[in-house]
Amino acid sequence: MSPGVLKGMGIAGLVVCAILLFVAWERYQDNANKVAAANRMMQSSPLSGMMGELTGGAKMEPGMPTATKYALVFAIISGIGGAGGLIVGMRKRPQGA
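The model shown is predicted, which means the values in this text are computed figures rather than measured ones. (Residues numbered from 1 in each chain as written. Predicted model: local features only at pLDDT ≥ 70, side-chain atom pairs only at ≥ 80, totals over all residues. Heavy atoms only, no water.)

Peer 1: Sorry if this is basic, but what is going on with the overall build of the chain here?
Peer 2: On a plain count of helices and strands, the chain comes out with three helices and zero strands. Ordered by position in the sequence, the α and β elements of the chain form the string α-α-α. Here the chain holds 97 residues, and the buried ones make up 19% of them. (Helix = DSSP H or I, 4+ residues; strand = E, 2+ residues; numbered from the N terminus. Buried < 20%, exposed > 50% of the residue type's maximum accessible area, 1.4 Å probe, protein only.)

Peer 1: Just checking my understanding: could you explain the pattern of salt bridges for this structure?
Peer 2: Opposite charge on two side chains allows them to pair when their charged atoms are near. Summed over all chains, the structure comprises three salt bridges. Among the salt bridges present, the one from Arg-27 reaches Asp-30, with a minimum N-O distance of 3.6 Å. Here Arg-27 and its partner Asp-30 are both found in helix 1 (residues 3-44), three residues apart, which amounts to about one turn of the helix. What you see here is one network of salt bridges that share partners, running through Glu-26, Arg-27, Asp-30 and Lys-34. (Salt bridge = Lys/Arg side-chain N within 4 Å of Asp/Glu carboxyl O.)

Peer 1: Just checking my understanding: could you explain helix 3 (residues 66-90) for this structure?
Peer 2: A turn of α-helix holds 3.6 residues, and therefore any two residues three or four places apart point the same way. The end-to-end C-alpha separation of helix 3 is 36 Å, in line with the 36 Å expected for 25 residues at 1.5 Å each. Buried residues along helix 3 sit in contact with helix 1. (Expected span 1.5 Å × (residues − 1). Contact = heavy atoms within 4.5 Å.)

Peer 1: Is there a simple way to think about a nonpolar patch on the surface in this case?
Peer 2: A cluster of nonpolar side chains, namely Ile-11, Val-15, Ile-19, Phe-22, Val-23 and Trp-25, defines an oily patch on the protein surface of about 600 Å² accessible area. Judged by its relative accessible area of 34%, Val-23 falls in the partly exposed class. (Patch = residues over 30% accessible without salt bridge, like charges linked within 9 Å, V, L, I, M, F, W, Y side chains within 5 Å. Areas by Shrake-Rupley, 256 points an atom, 1.4 Å probe, with all protein chains shown as cover.)

Peer 1: What is the right way to look at the environment of Val-35 in this model?
Peer 2: Note that Val-35 resides in helix 1. For Val-35, a relative accessible area of 13% gives the class buried. Residues Val-35 and Pro-62 lie 27 residues apart in sequence; the distance between their C-alpha atoms is 5.9 Å. Aside from chain neighbours lying at most four places away, what touches Val-35 is Met-60, Glu-61 and Pro-62.

Peer 1: Whenever I open this one, the packing of aromatic side chains confuses me. Can you help?
Peer 2: Working definition: an aromatic ring pair is given by the centre-to-centre distance plus the angle between the planes. One pass over the structure, following the stated rule, counts one aromatic pair. With 6.2 Å between their ring centres and 40 degrees between their planes, Phe-22 and Trp-25 make a pair best called tilted. With Phe-22 and Trp-25 both in helix 1 and three residues apart, this pair spans about one turn of that helix. Taking the relative accessible area as the measure of exposure, Trp-25 reaches 51% and is therefore exposed. (Phe/Tyr/Trp six-rings, centres within 6.5 Å; stacked < 30°, edge-to-face > 60°.)

Here's what the structure looks like:
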């Protein structure tokens, strides 16, 4: 492949990595906001005693959604591929090759 194509693929891989990192962050924040809203609802609800019994009296803690895990895995893969393509594309080639 020509160095220009490799650079383009490297840049595209890094852009995909950035998009996937944003998606992972957004999905986690959305889950954390929903858990916080559920905790507020359980505390302010007239049925808070019954809700406390159902949840064991403990506040819910936000976890990592599956979409966040997959987005992080594919962000790592695309980031490594993008950086590799960019580095190989920017390497100077011998004149005869």
